Amino acid sequence: MKKNKKLPVSQIIIRLLFFVSLGFTFFYGYQYMNELTNNQSTKQSLETQKEKYIQNQNYEVSSTGSLSTVKQKVDVEGIKKEIPDAKMWINVPDAKVNEVVVKGKDNEEYLRSNPDHSYNVYGTLLSESDLDSDISKNYVNYIFGHKGTLEGVRFSSLDILGDKSEERHFYVYQNGKEYDYVVQDYIEVLPKTSIYPNNLFTTRDTEQLKNALKENGASQSTIDDVKKDNNYMFLITCINWDNSTARKVAIGKLVKTINY
């Protein structure tokens with residue numbers, strides 16, 4: 001009668017490593033395919049939104065006695081008839097972002113859902129639930145979005161705003177106005193950070209903002225430029241399955257408001 005031979009420890013380790021690596025391959029393969037599917041369906045939905053609600057592009061309007069070029073005209077009121085929680089529209093040309101921003105009852109409501117509440121791993125771009133819906137009434141505003149691994153959806157391509165080789169702008173549309181923000185800084189922060197509101201406060205004064213920027217590694221020029229008459233918009237990525245330790249933050253300062 002033959003005796004069962006015991007496998008050497010080295011072979012056991014090799015086999016274990018093989019199965020572990022196989023498991024990781026299947027896991028990340030599934031994640032990639034899932035993101036790819038969501039990416040394509042979300043892109044189609046965004047194209048439909050743009051065709052429906054962007055009325056015109058690159059035309060001249062009067063602004064404080066001079067002519068200014070509005071990047072696009074967005075029918076935000078029309079969007080609200082279909083998406084009641086829609087509060088604004090954002091266009092970040094360099095990062096290929098051009099879509100609606102909602103505000104839920106809290107910051108979790110649209111974290112994993114489309115504006116119609118159907119499931120979407122990318123969620124929807126959302127504004128801080130504790131702040132006034134009218135961005136002109138807040139000293140600092142916040143828009144949160146997932147940073148996926150594939151291009152063209154939500155804040156997946158926001159990293160381009162970290163390239164300071166040229167001046168970069170993004171635009172927010174609300175109440176018949178285009179708010180033009182210049183990107184001052186692009187920083188990486190921990191998931192829990194003083195850079196955006198928590199339950200303790202919903203507005204900032206200049207000292208709060210300066211301290212938060214300093215704590216989170218903003219440039220000295222950005223900190224020095226903080227003034228009480230400025231208005232800021234922070235674009236903030238969520239953590240996601242391939243990067244759970246950091247968020248990216250684009251810091252925009254309002255430089256021009258145009259009625260259209």
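Residues numbered from 1 in each chain as written. Predicted model: local features only at pLDDT ≥ 70, side-chain atom pairs only at ≥ 80, totals over all residues. Heavy atoms only, no water.

Enquirer: Describe the pattern of salt bridges, with residues and values.
Expert: Applying the stated criterion to the full structure yields 13 salt bridges. The salt bridge involving Glu77 is made with Lys80; its shortest N-O contact spans 3.3 Å. Of this pair, Glu77 and Lys80 both sit in helix H2 (residues 76-82), separated by 3 residues, roughly a single helical turn. For Asp159, the salt bridge identified is with Lys248, shortest N-O distance 3.2 Å. Taken as a pair, Asp159 in the loop between strand S6 (140-145) and strand S7 (169-174) and Lys248 in strand S10 (residues 247-259) lie far apart in primary sequence, 89 residues in all. Residue classification places Asp159 among the partly exposed residues on the basis of a relative accessible area of 35%. Residue class for Lys248 comes out buried when judged on its relative accessible area of 16%. Connected through salt bridges with shared partners, the residues Asp94, Asp163, Glu166 and Arg168 form a single ionic network. (Salt bridge = Lys/Arg side-chain N within 4 Å of Asp/Glu carboxyl O. Helix = DSSP H or I, 4+ residues; strand = E, 2+ residues; numbered from the N terminus. Buried < 20%, exposed > 50% of the residue type's maximum accessible area, 1.4 Å probe, protein only.)

Enquirer: Could you give an account of the nonpolar core, with specific residues and numbers?
Expert: A general trend in soluble globular proteins is that nonpolar side chains are found buried together. Counting 36 residues, the largest nonpolar core has Ile195, Leu213 and Phe234 as the members making the most contacts within it. Not counting residues up to four positions away in its chain, the partners in contact with Phe234 are Val140, Asn141, Tyr142, Ile143, Ile195, Leu209, Leu213, Val249, Ala250 and Ile251. Membership of the second largest hydrophobic core comes to 21 residues, among which are Ala95, Phe155, Tyr179 and Leu235. (Core = buried A, V, L, I, M, F, W, Y, C linked by side-chain atoms within 4.5 Å. Contact = heavy atoms within 4.5 Å.)

Enquirer: Report on the confidence of the model for the protein chain, specifying residues and quantitative values.
Expert: Residues with a pLDDT of 70 or more make up 79% of the protein chain, whose mean pLDDT is 83. Here residues 60-66 is a poorly scored stretch, pLDDT under 50, and it has 15 contacts once near neighbours within four places are set aside; other chains count. (pLDDT = per-residue confidence, 0-100.)

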